[in-house]
Protein chains: 2
Amino acid sequence: MNTLAGSVLIGQSGGPTSVINASALGCIETAMASANVTKVYGAAHGIKGILDDKIYDLTMEDPDELSLMRFTPSSVLGTCRYKLADFLSDDTDYKQILHIFTKYNIRYFFYNGGNDSMDTCSKISSYLALHNYECRVMGIPKTIDNDLACTDHCPGYGSAAKYIATTLMEVGRDAKVYDTGSITVVEIMGRNAGWLTAASALARLQDKDSGPDLIYLPEVPFDMADFLTDVSRVYNRQGDVLVAVSEGIKDKNNTFISSYFTDSTKEKDAFGHSKMGGLASNLAAFANSKLKAKVRGIELSLLQRCAAHLASATDAEEAYLAGKAAFEAAESGITDKMITLMREPGSVYICKTGLADLADVANAEKKIPRKWINEAGNGILQPFIEYSLPLIQGEPDRPMKNGLPRFACLKRIQASVPAE
Amino acid sequence: MNTLAGSVLIGQSGGPTSVINASALGCIETAMASANVTKVYGAAHGIKGILDDKIYDLTMEDPDELSLMRFTPSSVLGTCRYKLADFLSDDTDYKQILHIFTKYNIRYFFYNGGNDSMDTCSKISSYLALHNYECRVMGIPKTIDNDLACTDHCPGYGSAAKYIATTLMEVGRDAKVYDTGSITVVEIMGRNAGWLTAASALARLQDKDSGPDLIYLPEVPFDMADFLTDVSRVYNRQGDVLVAVSEGIKDKNNTFISSYFTDSTKEKDAFGHSKMGGLASNLAAFANSKLKAKVRGIELSLLQRCAAHLASATDAEEAYLAGKAAFEAAESGITDKMITLMREPGSVYICKTGLADLADVANAEKKIPRKWINEAGNGILQPFIEYSLPLIQGEPDRPMKNGLPRFACLKRIQASVPAE
């Protein structure tokens, strides 16, 4: 074993998830238990906290309060979307990073995020190595979008998928209760990959009275005329339609459908701002061009990525394990890798952690295989169900107080420079 | 005891809730156990099912499946918004109702809804009495809006309040994770009464890191300039703002604020339809007039009334009891009443059912007392917290399958005319 003594720094990046803090906790708790670790620090707002020397001393937190991170949504350390320059062209940020790492004797750095974060990890690691600063750098995957390469799935996805499936079951029931016709369109996150929207198909799995009738993903070019035909066909058959649509659906020219309702008209509201037309509302209204139904657009918005109350126990557990595995790997001497989740072959779902090169993850984006989508491009096939169903299993035994979730409230104490 | 033998008919009306089916189940199960009851029927889509002779024979359903109604959102029998005429001016509908009641020997009629439904109950009862048709008519309260008179609170409200408080805790966490400024406005249901929006205040109760900073209700005239001042003040202090706003906020001239963004501009989208401007998005954009924050509008839409996965156990239990009490009262000879929920005085929450005259409920609307809202009209005071907190307690032990809720799937078999 290649022993390295020093402190640990963890940062969170990109859009949060219901279980991103479970990953951080897995890393923090494992690091705190290690004899090689002096201090465990958290960076405020990811890389920006490092640049600004906003570093929390997590060893000052109450361990019981810290343990509530397992059930607390969003990034308790704060997050950012900050892109580091290439250090060959501009090394300003890197000099500051090296300064801060040296100041706090950071020998283990963990960054919890998506593919941009893995790019950040990779760049920092290269720079530190170039300056002979020994530090092990590991990525911990996180994204509701489930679009990271080299891993079967991503921590955060299972919980968002469970939220979407459950919500579509409930909304599906609600949208059909009147005997007057209705067209309901639900907009789900996902600019380039349809994993989240596809999860709406799980809503139909056990409830014939519910779930979406039509599902549109960014993986298949979207055609307005076909959409109108699809909706009319379902509406004429059953008197109501529930549609699930990715925010990122594009036409055959790769133009976002959402831009049809904003750019082209360039309308302003009464205060001179561009009208924020909801894709869902606008598609519902369009679908109703030739029908006279009641239309409703619903945007799941932030709710789908922060609904920890509907977290998947499987996802929360895997998120924790990913953080734990990241520290264990680093402690054993590994660096420049991202933890992956590897599904074992066979009919029983077993998932273990693995490792992927940061660079392989940084520049890739995983989409839904075309063969998992029906030929018409408006529905999801069985292989996706088999893929996703194990990921939404179980309900975490989350702590409650006064009928509401009890989230971690950290003290967030600025780290002092360790004594020599 | 004034014994009356015959069949039971139950209908559901108005917008559904997470627990409306628990009330129906309480009534159905109690009725099925009574020796006085021949058959238990359900009307498809409320009064419209009676007019169309779409009557389900609930005794044909599997009792175990039926029992899942306790945890199934939306109206399993279907609902309607149908206003009966005054029978003195037009008795067409009433003749048909009397015909159907006679056909199926309905001697107990239960209607589950809001104040319009109590009006419907009252009219039907008067007409039947006028034609010497003996039938006991009872209203079972239901509304997420919590605006019914004569009752401490309404079945359906506690669950919606729990959903709103939980969601605002989660969204509040999410909206604050970036260190770039943000203004988030969440639109909550309630045209005339702010009970639902006020429940967002519960989100701050135990989580200083979350919950809305500003809350606006229909009970207090809304002023755009004051709103801008409020938002700017909070934003300048903390760098982000979370606002909860009722869909029904009005200015001092009683004009809906939402109409500022639609009627006045009369803009059409690319397809000639009126643009459906979201109040939340538009208010967020307006609030940002003088700031340069990231803005986001979130509409809780149908989600807040159908999220059975976040039902309050207290609410679900009281909803069941209201249905049970309705049948028990009717069987004992009572008619023309609505079941109420009566809170016992004292610091421990105890709730019992009571009775109110249908007519007293039909023509009233209960709003939040002005003294429960702060003087500035942008926040909620302690008496509301004490009122609402007991209503959101407990999580029902809902049945799950494959990581998703297991809802009741009824056979909905058309009733046949009973043998003589």
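Residues numbered from 1 in each chain as written. Chains lettered and ligands numbered in written order. Predicted model: local features only at pLDDT ≥ 70, side-chain atom pairs only at ≥ 80, totals over all residues. Heavy atoms only, no water.

A. Main features of the overall build of chain A. Counting secondary structure elements, chain A contains 13 helices and 13 strands. A compact globule built from 420 residues should have a C-alpha radius of gyration of about 22 Å, and chain A, at 23 Å, falls within 12% of that. Along the first, second and third principal axes, the C-alpha atoms of chain A reach 75 × 45 × 45 Å. Looking at chain A as a whole, 64% of its 420 residues are labelled buried. The long-range share in chain A, meaning contacts at least 24 apart out of those at least 6 apart in sequence, stands at 78%. Element-wise, carbon and sulfur atoms account for 50% of the exposed surface of chain A, whose accessible area totals about 15100 Å². Across chain A, the 43 positively charged side chains and the 51 negatively charged ones have centroids separated by 3 Å. (Helix = DSSP H or I, 4+ residues; strand = E, 2+ residues; numbered from the N terminus. Rg over C-alpha atoms; globule rule 2.2 N^0.38 Å. Buried < 20%, exposed > 50% of the residue type's maximum accessible area, 1.4 Å probe, protein only. Contact = heavy atoms within 4.5 Å. Areas by Shrake-Rupley, 256 points an atom, 1.4 Å probe, with all protein chains shown as cover. Lys, Arg positive; Asp, Glu negative; His and termini not counted. Charge placed at Lys NZ, Arg CZ, Asp CG, Glu CD.)

B. Fine view of the sheet that holds strand β8 (residues 240-246) of chain B. Residue and element names in this part refer to chain B. Pairing is parallel in the open sheet, where four strands are placed in the order β7-β8-β6-β9. Lying at the two open borders of the sheet, with one neighbouring strand each, are β7 (214-216) and β9 (294-299). Averaged over all neighbouring strand pairs, the angle between strand axes comes to 15°, with direction disregarded. Where helix α8 (residues 224-238) meets the sheet, its contacts fall on β6 (182-188), β7 and β8, and the angle it forms with β8 comes to roughly 150°. (Pairing = 2+ DSSP bridges. Axes fitted to C-alpha atoms, helices over the stretch in contact; angles between N-to-C directions.)

C. Spotlight on the pairing of strand β10 (residues 337-343) of chain A. All names here are of chain A. Here strand β5 (residues 136-141) runs beside β10; their pairing, made up of two bridges, is parallel. Within β10, the residue paired with M138 across the bridge is K337. Sheet topology places β10 next to strand β11 (residues 351-357); seven bridges connect them, and they run antiparallel. Within the sheet, the bridge partner assigned to K337 lies in β11 and is D357.

D. View of the sheet that holds strand β11 (residues 351-357) of chain B. Residue and element names in this part refer to chain B. The strand order β3-β2-β1-β4-β5-β10-β11 describes an open sheet built from seven strands, whose pairing is mixed. With partners counted over all chains shown, the strands left at the sheet margins are β3 (55-57) and β11, one partner each. The mean inter-strand angle of the sheet, taken between neighbouring strand axes irrespective of direction, is 30°. Two elements, strand β4 (residues 106-113) and strand β5 (residues 136-141), share six bridges in a ladder whose sense is parallel.

E. Spotlight on the relation of the copies chain B and chain A. Superposition of chain B onto chain A requires a rotation of 180° combined with a translation of 0.0 Å along the rotation axis, giving an RMSD of 0.0 Å. Taken together, the rotation angle and the small translation identify this as a two-fold axis. Of the interface residues in chain B, 100% have counterparts in chain A that sit at the interface too, so the contact is made through matching surfaces. (Least-squares fit on C-alpha atoms with pLDDT ≥ 70 in both.)

F. Inspection of the pattern of salt bridges at higher detail. All told, the structure shown has 37 salt bridges over all chains when counted by the stated rule. A salt bridge links B:D207 to B:R173; the shortest N-O distance between them is 2.9 Å. With B:D207 in the loop between α7 (195-198) and β7 and B:R173 in helix α6 (residues 157-175), this pair connects stretches of sequence that are 34 residues apart. Each member of the pair, B:D207 as well as B:R173, is classed as buried. One salt-bridge network, held together by shared partners, links A:K176, A:R204, A:D213 and A:D240. (Salt bridge = Lys/Arg side-chain N within 4 Å of Asp/Glu carboxyl O.)

G. Quick look at the nonpolar core. Membership of the largest hydrophobic core comes to 90 residues, with the highest contact counts inside it found for A:F384 and B:F384. Not counting residues up to four positions away in its chain, the partners in contact with B:F384 are B:Y157, B:W195, B:A198, B:A199, B:I368 and B:W372. (Core = buried A, V, L, I, M, F, W, Y, C linked by side-chain atoms within 4.5 Å.)

H. Structural context of unusual backbone geometry. All names here are of chain B. Residues other than glycine seldom take positive phi values, yet S74 does so here, at roughly 65°. Tracing the chain through its elements places S74 in the loop between α3 (63-67) and α4 (92-103). Not every positive phi belongs to a glycine, and N105 is a case in point at roughly 55°. Mapped onto the elements, N105 comes out in the loop between α4 and β4.

I. Spatial organisation of the interface of chain B and chain A. On the side of chain A, 81 residues touch chain B, which itself brings 81 residues to the contact. Buried surface at the junction of chain B and chain A, both sides included, amounts to about 6800 Å², of which 57% is carbon and sulfur. Considering only the side of chain B, the residues that lose the most area to chain A are B:E170, B:Y178 and B:Q206, jointly responsible for 10% of the buried surface there. At the junction of chain B with chain A, the criterion picks out four salt bridges. Between B:R305 and A:D174 there is a salt bridge whose closest N-O contact spans 2.6 Å. (Buried area = accessible area lost by both parts, 1.4 Å probe.)

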